[in-house]
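# Summary of structural features
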Amino acid sequence: MTAAIRTLPILLLALSGPALAQYAGDEYGDDEYYAPAVPENVSYGYAQVLRADEVVERVVTRTPEERCDDVEYRSTGRTTGGTVIGALVGAALGNQVGKGDGRKAATVVGAVAGGAIGNNIARQRAEAEARGCQLVEVEREESQVVGYDVEYMYKGEKYMSRLPYDPGNRLRIRVSVTPDDAAAAAR
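In short, a report on the structure. Quantities reported herein were computed from a predicted structural model and do not represent experimental measurements. (Residues numbered from 1 in each chain as written. Predicted model: local features only at pLDDT ≥ 70, side-chain atom pairs only at ≥ 80, totals over all residues. Heavy atoms only, no water.)

### Some details on the overall build of the protein
Here is the rule: In this text, helices come from DSSP runs of H or I with a minimum length of four residues, and strands from runs of E with a minimum of two, each type numbered from the N-terminal end. To sort residues, take the accessible area from a 1.4 Å probe on protein chains only and compare it with the maximum for the residue type: under 20% means buried, over 50% means exposed, and anything in between is partly exposed. In this analysis, two residues are considered to be in contact whenever any of their non-hydrogen atoms come within 4.5 Å of each other. Method for areas: the Shrake-Rupley scheme with a 1.4 Å probe, in which residue coverage is limited to the protein chains shown.
The secondary structure content of the protein amounts to 4 helices and 4 strands. Reading the secondary structure of the protein in the N-to-C direction produces α-β-α-α-β-β-β-α. Residues counted as buried form 18% of the 187 residues belonging to the protein. In the protein, the proportion of contacts linking residues at least 24 apart, taken out of those at least 6 apart, comes to 73%. As displayed, the protein has an accessible area near 15,000 Å², and 55% of this comes from carbon and sulfur atoms.

See below:
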């Protein structure tokens, strides 16, 4: 029995060896290629930024806006439809929460809150219609900076990258050195 206890850690270590190896993958995405991870030849340095140009995109936004004419109308004051729809939506959402009595309470609370919200929206719409107003969606187009095309120099060589921020005068870079397999194969 003691010999089995002594060999158990060795057996576990031997069986876990393949699990401890890290997947390196190959450059073609072949999932069947497994190799132990090799430490990378990586260092960090700073490059001089030569220029950083904003990358701008046109973005369209839609916002509801009240448009009114100069005629006053009589208010109908009807908000029942909005209240009922809001209560139904609130009850359905409340029913998704909890179990048993908690679910029942959440359904009731959801119905009350949804009814109040629906009533408020219907009242605002009715008031706007009484003033001769309508809610319309207005499209606005604006420019937004989405990134920066950065030209920088490192050890006499120029490089370009698109970054989500303006790096300023210096850019921290990651330098990785690997052998050129194609050059070795050409020999």
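### Notes on the sheet that holds strand 4 (residues 170-176)
Let me state the cut-off plainly: A pair of strands is labelled paired if DSSP reports no fewer than 2 bridges between them. The axes used here are C-alpha line fits, helices contributing only the stretch in contact, and every angle between their N-to-C directions lies in the interval 0 to 180 degrees.
Sheet architecture is open: 4 strands sit in the order 3-2-1-4, paired in antiparallel fashion. The sheet is open, and its two borders are formed by strand 3 (157-163) and strand 4, each paired with just one other strand. Each adjacent strand pair in this sheet contributes to an overall mean axis angle of 30°, direction not counted.

### A look at the nonpolar core
What counts, and what does not: What we call a nonpolar core is a set of buried Ala, Val, Leu, Ile, Met, Phe, Trp, Tyr and Cys residues that are connected through their side-chain atoms within 4.5 Å.
One finds Ala47, Val49, Tyr148, Val150, Tyr152, Tyr154, Leu163, Leu171 and Ile173 forming the largest nonpolar core, which totals 9 residues. For this core, the leading source of residues is strand 2 (residues 133-154), giving 4 residues. If we skip the residues at most four places from it in the chain, Leu171 touches Gly45, Tyr46, Ala47, Val49, Tyr152, Leu163 and Tyr165.

### A few points about the packing of aromatic side chains
Here is the rule: Pairing of aromatic side chains here covers Phe, Tyr and the six-membered ring of Trp, requires ring centres within 6.5 Å, and sorts the geometry by plane angle: under 30 degrees stacked, over 60 edge-to-face, intermediate tilted. Over a ring means this: the NZ of a Lys or the CZ of an Arg is within 6 Å of the ring centre and within 35 degrees of the ring normal.
Across all of its chains, the model carries 1 aromatic pair by this definition. Where Tyr152 meets Tyr159, the ring centres are 5.9 Å apart and the plane angle is 25°; that geometry is what we call stacked. What makes Tyr159 partly exposed here is its relative accessible area of 38%. Directly above the ring of Tyr46 sits Arg170, whose terminal nitrogen or CZ lies 3.9 Å from the centroid. It is Arg172 that lies over the ring of Tyr44; its NZ or CZ is 4.4 Å from the centre.

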